[in-house]
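Read off the chains here:
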Amino acid sequence: MPTSRTDLTPKDQARVLAVTRPTTDFTRPEPFELMQGGAGTSRKDVNRDAFSQSSANITFEEEGNFKLGNALFRKNWVSSPSSTQASDGLGPLFNERACQNCHLKDGRGRPPQGDAGSTSMFLRLARDASSAEEKAALADHKLLNFPDPVYGTQLQDLAVPGLKGEGRVRVEYSEEKVMLGDGTAVALRKPRYSVENPGYGPLDPRTTLSPRLTPPMIGLGLIEQIAPADILAHADPDDRDGDGISGRPNIVRDELSGAVTLGRFGWKAQTASIRQQAADAFAGDIGISTPEMPKPWGDCTVAEKDCLAMPNGVQQRLGTAEAPPPVMDLVTIYSQNLAVPARRDIATPQVLDGKKQFYEMGCIACHTPKFVTMRGTPNKAQAFQLIWPYSDFLLHDMGEGLADRQRVGEATGSEWRTPPLWGIGLTATVNGNAFYLHDGRARTLAEAILWHGGEGQNARDRFAGAAATDRDALIKFLESL
C-alpha cells in the first residue's frame, strides 16, 4: 500500500498537512467548515430530500446523468418472465425490489419493527475458515469469508411467485440501564437475532448472523477519492503511540481490477469501490446480475434447486446481464454524486463548545475530521476538495457489546469501520426516525456513544462522566453535522 501521495507537489503537500491538522481553537468555526462536502456541498433547504441532492459543482451534462441514475436507483424490478423486459430479472430470492426501498430517501435504514418486515436491514451470513485451504484463500484475499452452504451470503426474506423466501429476521431486545456520572439513567437496547421460519432447513451451526443497517449514501464519491496514503497514515495496528487506539485497514481484493487494495466502503470496509458496492447490492439484495457480478439467480445456492430452476431476466439483445453496463454506469454516477448537506448552527456557542468536547474526549482519534481529496480524480468535481467526513475509514475493535463474531476479510468479529458522521444530525429529518450503529439498536446519539467499547471505551467513559451541559453540547455538535 502507498505510504505517500504522488499527486501533490511538496508545496501542496505542506498545504494539505496544515489544513487537515486538528484545530485547537474552539472560539469560532474553522475556514470552510460550513461546506463539509467541499465545493459540491448542497445548500438546498433542509427537508426530507436533504440527502437526495446532486453535488453542487457537477456540470449540466453530469446533472442529466445523475437524474437518469436516480430513476434507475428508484426503479422497481419485476420477476421473470415479464413484458417489461428491461426491468426483468428480480430475484428469485431478494430483500427488496429497488435500491431506494432500502436506502430510504438516500439515508439511513431502520431495524424491523413488529410485523413491518426487515426492509433496510438484513442479516449477513458467514463463517470463518475451517481448513488450511480455506485459510490460504483468506490470506490471499481471494475471499472475505465463507457463506452458509444453503442460505448463501445473506438472508433473503422475499421471493418471486412460486418460490418461498428463506425466512425472516427476528430481533428481541432486552434493556440494560447505564448510570452516568451525574446520576442520570439511560436505557440501552441489547438485541438478540435469530431466523424465524427458515424455509430451507436449519442454518449451518458455524454460520454467524450479522445484522446490517443500510447507511446513508451521501459523499460516497468524495470518500472514494481520498488518497489511500492519507487513510493509512492514521493506521496504528500495534498501538505504537500507546493511546489505546489501533486502527487497521481492511486490505481486500478489488473484484473489478483483481488488485489487492484498500477497502473503504461497507460496515467492515470490505469493498474497494462504489461500483463494486452497487454490483454486490444488485446481486445480493435484488437478485439482479451485472457485468461485475454475473449472477442471474442472485444469492441462490446449489442447495436451493427450486430457486435455480426459476427463469431469469437475461435478454441477449440487451446483453449478458440483467442490468447491462449503461445501468451500472448511471447508478454509479448517481451514487458518486449525492451531495453532503451544509453544516448548520456552526457558530453558536453550544455547538462550538460541543466541538471542543468532541475533540477533548478523544472522539477524533477514530472520527478524523478532515481530508483533502486527490488531484487526479476521474471527475473534476471531486478533485482537491477539503472535506469533513469525521471518519478515518479504518477498522477498530469496538468491544464485546457490539461484536457480531463475523470475520470479513481482515476485519475480526469485533471490528467495525469508523462510519462517517457528516449528515448524522439530519437522520430524523430525512428518514422520519433515528436509529444508529450497524444494527439500529441505538435510538439516540447518546445511546450510540454509550455502546462504544474496546478502542472507544475511554471516549465513552469521558462522555458518561461529563457534566450534563457538556454532554448536551457534544450532542448539539453532532446534530450540526
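Owing to the predicted nature of the structure, the values given are computational and were not obtained by experimental measurement.

Draft legend 1. Layout of the packing of aromatic side chains. Going through the model one piece at a time under the given rule, you end up with 9 aromatic pairs. Aromatic side chains Tyr151 and Tyr200 sit 6.3 Å apart centroid to centroid with 70° between the ring planes, which places their arrangement in the edge-to-face category. Taken together, the residues Tyr151 in the loop between helix 4 (132-139) and strand 3 (158-159) and Tyr200 in the loop between strand 5 (185-196) and strand 6 (208-213) connect sequence positions 49 residues apart. On the basis of relative accessibility, which here comes to 0%, the residue Tyr151 falls in the buried class. A ring pair is formed by Tyr390 and Phe477, whose centres lie 5.8 Å apart and whose planes are at 75°; its orientation type is edge-to-face. Residue Tyr390 is found in the loop between strand 10 (386-387) and strand 11 (395-397), and its partner Phe477 is found in helix 14 (residues 468-479); the two are separated by 87 residues along the sequence. Accessibility classification places Tyr390 together with Phe477 in one group, the buried group. An aromatic cluster of three or more residues is present, and its members are Phe66, Phe73 and Tyr334. Between Lys268 and the ring centre of Trp416, over which it is positioned, the NZ or CZ distance is 4.5 Å.

Draft legend 2. View of the state of the cysteines. Following the criterion strictly, the structure yields 1 disulfide and no others. The residue that forms a disulfide with Cys300 is Cys307, at a sulfur-sulfur distance of 1.6 Å. With respect to class, Cys300 is no different from Cys307; both count as buried. With no disulfide of its own, Cys102 has Cys99 as its nearest cysteine by sulfur position, at a separation of 8.3 Å. The thiol of Cys363 is unpaired, and the distance to the nearest cysteine sulfur, on Cys366, comes to 8.9 Å.

Draft legend 3. Structural detail: unusual backbone geometry. Following Ser80, the chain continues into Pro81 via a peptide bond in cis, with omega recorded as -10°. Looking at the element boundaries, Pro81 is found in the loop between helix 2 (60-74) and strand 1 (93-94). Of note, the amide linkage connecting Gly91 to Pro92 takes the cis form, showing an omega dihedral of 10°. Mapped onto the elements, Pro92 comes out in the loop between helix 2 and strand 1.

Draft legend 4. Layout of the pattern of salt bridges. Throughout the structure, instances matching the rule amount to 31 salt bridges. The salt bridge partner of Glu30 is Lys355, with a shortest N-O separation of 2.6 Å. Residue Glu30 is located in the loop between helix 1 (10-20) and helix 2, and its partner Lys355 is located in helix 10 (residues 349-360); the two are separated by 325 residues in the primary sequence. With respect to burial, Glu30 and Lys355 carry one shared label: buried. Note that Glu172 is salt-bridged to Arg192, the shortest N-O span being 3.1 Å. Of this pair, Glu172 sits in strand 4 (residues 168-179) while Arg192 is found in strand 5, placing the two residues 20 residues apart along the sequence. Given the relative accessible area of 53%, Arg192 is considered exposed.

Rules used throughout
- Residues numbered from 1 in each chain as written.
- Predicted model: local features only at pLDDT ≥ 70, side-chain atom pairs only at ≥ 80, totals over all residues.
- Heavy atoms only, no water.
- Phe/Tyr/Trp six-rings, centres within 6.5 Å; stacked < 30°, edge-to-face > 60°.
- Helix = DSSP H or I, 4+ residues; strand = E, 2+ residues; numbered from the N terminus.
- Buried < 20%, exposed > 50% of the residue type's maximum accessible area, 1.4 Å probe, protein only.
- Lys NZ or Arg CZ within 6 Å of the ring centre and 35° of its normal.
- Disulfide = S-S within 2.5 Å.
- Salt bridge = Lys/Arg side-chain N within 4 Å of Asp/Glu carboxyl O.

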